[in-house]
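Tertiary structure, described
Each chain is listed here by its residues.
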Amino acid sequence: DKIINIALVGNPNCGKTSLFNIVSGAHEHVGNYAGVTVGAKSGTMKYKGYQFNIVDLPGTYSLSAYSPEELYVMRYLREETPDVIVNVVVASNLERNLYLTSELIDMNRSMVIALNMYDELEKNKSTLEYKQLGKMLGVPIVPTKAYTGWGIDNLLDTIIEVYELRNPDTRHIHIKLRTEIEDGVRQLVDSFKIDSTLSPKFSPRYLAIKMLEKDPEVERILKDYPNYHEWERIRNRANEKIERELGDDANAIIAAEKYGFIQGALAETLQNGKTETENST
Ligand code: GDP
Ligand code: K
Ligand code: MG
């Protein structure tokens, strides 16, 4: 069998463990990772000639190194480099859930979105053109109801397609941020090219954005490179310009820009259900 290593990534309570239990069945076991108290469960299953090794990671709202869970997920994605990331999102709370998705998109990794709790969307009489949203994000979206198992085969088939590089909705996109930020990103990405030892595991764009955000984990990683002081100088100059011209720090501006992108994408694809107070005249 071909082996596909999968990591489940998503906000707390989006249904990762429910999905994990359905996919891994009786084969799950608890894994321990050195030096951390936050753990991940791993399990396996066979499906259509593939062996899926699946890991249930701790819930996170973002990929910034400000909580043990976030740090754990960042390190896991970097060091274990799963073949396909399954980003589990709550169908009825997309705006918040897609923030993490936007960070995963920056990482430029193979990915599928499980649009979980699809029953909640149906219950609210809302409709989401998830196929179109997936095309906009460059990531295929599969509706699931993890607590019943509905949609799981479709999810597994889509993971195989992405793994085999034959999914039509898979595309690398840049969530384009405003010019002042993009200028800083471009300068950093260009300066990273000097250093051929910077692992190809990292997307330069992700590193550049996280460096503008002064993410402590990315700082820690980059500090060991001989060109760090040059990168730091470029970053500080870019951040000063951003603050001077936009009146806020890069962190806040990047978050606002990403929420703007998400809101725009949802405005085109999500139709919220009728409110209960609505009545005919
Ligand atoms: P995790 O924190 O991401 O691991 O989420 P869990 O798997 O623990 O699920 C959180 C809660 O959501 C549990 O009560 C699940 O039973 C429930 N849940 C999971 N999937 C679904 C779903 O598709 N629809 C609904 N309505 N509830 C779900
Ligand atoms: K939970
Ligand atoms: Mg869980």
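First things first, this report covers the structure right here in the doc. Residue positions are counted from 1 within each chain, in the order its sequence is given. Working convention: letters from A go to chains and numbers from 1 go to ligands, in the order in which they are written. Given that the model is predicted, a residue must reach a pLDDT of at least 70 before its local features are reported, and side-chain atom pairs must reach 80 or more before they are shown or counted; all residues, however, enter totals for whole chains, interfaces and linings. Side-chain numbers come from the whole structure's heavy atoms, not from hydrogens or water.

**Details of the pairing of strand S5 (residues 84–90)**
To be explicit about the condition: For the exposure calls, accessible area comes from a 1.4 Å probe over protein chains only, and a residue counts as buried if that area is under 20% of its type's maximum, exposed if over 50%, partly exposed in between. Helix and strand assignments follow DSSP, with helices taken as H or I runs no shorter than four residues and strands as E runs no shorter than two, numbered in order from the N terminus. A pair of strands is labelled paired if DSSP reports no fewer than 2 bridges between them. Handedness is read with the strands pointing away from the viewer; a crossover is right-handed when the path from the first strand over the helix to the second is clockwise.
Across the seven residues that make up S5, a large majority, seven, are buried. Here S5 shows no split at all, with Val-84, Val-86, Val-88 and Val-90 on one side and Ile-85, Asn-87 and Val-89 on the other all buried. One ladder, built from five bridges, connects strand S1 (residues 2–10) with S5; its direction is parallel. Its bridge partner lying in S5, Ala-7 is registered against Ile-85. Two strands pair when backbone bridges link them, and S5 and strand S6 (residues 111–116) are joined in this way by six bridges, in the parallel orientation. Within S6, the residue paired with Val-86 across the bridge is Val-112. At this point the chain moves from S5, through helix H3 (residues 94–107), to the parallel S6, and the crossover so formed is right-handed.

**Structural notes on helix H6 (residues 152–163)**
The test is simple: In this scheme, a helix's expected span is set at 1.5 Å multiplied by one less than its residue total.
In this model H6 runs 16 Å from its N-terminal to its C-terminal C-alpha over 12 residues, within 8% of the 16 Å that 1.5 Å per residue would give. Considered for burial, the residues of H6 that qualify are Ile-152, Leu-155, Leu-156, Thr-158, Ile-159, Ile-160 and Val-162. Among the residues trailing H6, Leu-165 stands out with phi positive, at a value near 60°.

**Things to note about the packing of helix H5 (residues 130–137) against helix H11 (residues 250–269)**
Quick reminder of the rule: The angle between two axes is taken between their N-to-C directions and runs from 0 to 180 degrees, where each axis is a line fitted to C-alpha atoms and a helix contributes only its stretch in contact. Each angle is binned into one of four classes, with values under 35 degrees roughly parallel, values over 145 roughly antiparallel, values of 65 to 115 roughly perpendicular, and all other values oblique. Two helices crossing with the near one rotated counterclockwise from the far one by less than a right angle form a left-handed crossing, whereas a clockwise rotation gives a right-handed crossing. Contacts are assigned to residue pairs that have any heavy atoms within 4.5 Å of one another. Put simply, Ala, Val, Leu, Ile, Met, Phe, Trp, Tyr, Cys and Pro go in the nonpolar bin, Asp, Glu, Lys and Arg in the charged bin, and everything else, Gly too, in the polar bin.
Two elements in contact, H5 and H11, have axes separated by 9 Å at closest approach and are oriented at 150°. It follows from the interaxial angle that H5 and H11 lie roughly antiparallel. Pair H5 / H11 crosses with right-handed handedness. Judged by residue contacts, Gln-132, Leu-133, Met-136 and Leu-137 of H5 engage Phe-261, Ala-265, Leu-266, Glu-268 and Thr-269 from H11. Classifying every residue of the contact of H5 with H11 gives six nonpolar, two polar and one charged.

**A closer look at the site of ligand 1**
Selection criterion: Nearness here has a simple test: a residue counts as near a molecule or strand if at least one of its heavy atoms is within 4 Å of that partner. Polar contact is defined as a pair of N or O atoms within 3.5 Å, subject to the rule that within protein one atom must be able to donate a hydrogen and the other to accept it, and that residues adjacent in sequence are counted only when both atoms are side-chain atoms. Using a 1.4 Å probe, accessible areas were evaluated by the Shrake-Rupley method; residue-level cover was limited to the displayed protein chains.
Close to ligand 1 lie 15 residues; Asn-13, Lys-16, Thr-17, Ser-18 and Asp-119 are nearest. In this structure, an oxygen atom belonging to ligand 1 sits 3.0 Å away from a main-chain N or O atom of Ala-146. Taken by itself ligand 1 offers 580 Å² of open surface, and the protein chains cover 71% of this. Counting residues per element, the ones that place at least two in the shell around ligand 1 are helix H1 (16–24) and helix H4 (118–123). Take the shell around ligand 1: its biggest share by element is three residues, from H1.

**Some words on the pattern of salt bridges**
Note the cut-off: By definition here, a salt bridge exists when the distance from a side-chain nitrogen of Lys or Arg to a carboxyl oxygen of Asp or Glu is within 4 Å.
All told, the structure shown has 21 salt bridges when counted by the stated rule. When the shortest N-O distance is used, the salt bridge between Arg-220 and Glu-217 registers 3.1 Å. In this pair, Arg-220 and Glu-217 both sit in helix H9 (residues 216–222), three residues apart, roughly one turn of the helix. Salt bridges linked by common partners bring Arg-75, Arg-78, Glu-79, Glu-217 and Arg-220 together as one network.

**Description of the environment of Tyr-206**
Structurally, Tyr-206 can be placed in helix H8 (residues 204–212). Along the backbone, Tyr-206 and Tyr-99 are 107 residues apart, and their C-alpha atoms lie at a distance of 14 Å. Those residues in contact with Tyr-206, other than ones at most four positions away along the chain, are Leu-63, Met-74, Glu-103, Asp-106, Met-107 and Val-218.

**Details of the nonpolar core**
The cut-off we apply is this: Only buried residues count toward a nonpolar core, which is a set of Ala, Val, Leu, Ile, Met, Phe, Trp, Tyr and Cys residues joined through side-chain atoms within 4.5 Å.
Counting residues in hydrophobic clusters, the biggest one holds 63 residues, and the most contacted among them are Val-9, Leu-57, Leu-77, Leu-104, Phe-192, Leu-222 and Trp-231. No other element matches H3, which puts seven residues into this core. In this structure, Phe-20, Val-142, Ile-152 and Leu-156 belong to the second largest nonpolar core, which totals 26 residues.

**A word on the environment of Ile-54**
With respect to the helices and strands, Ile-54 occurs in strand S4 (residues 50–56). For Ile-54, a relative accessible area of 4% corresponds to the buried category. Expressed as a C-alpha distance, the spacing of Ile-54 and Glu-129, which sit 75 residues apart in the sequence, is 28 Å.

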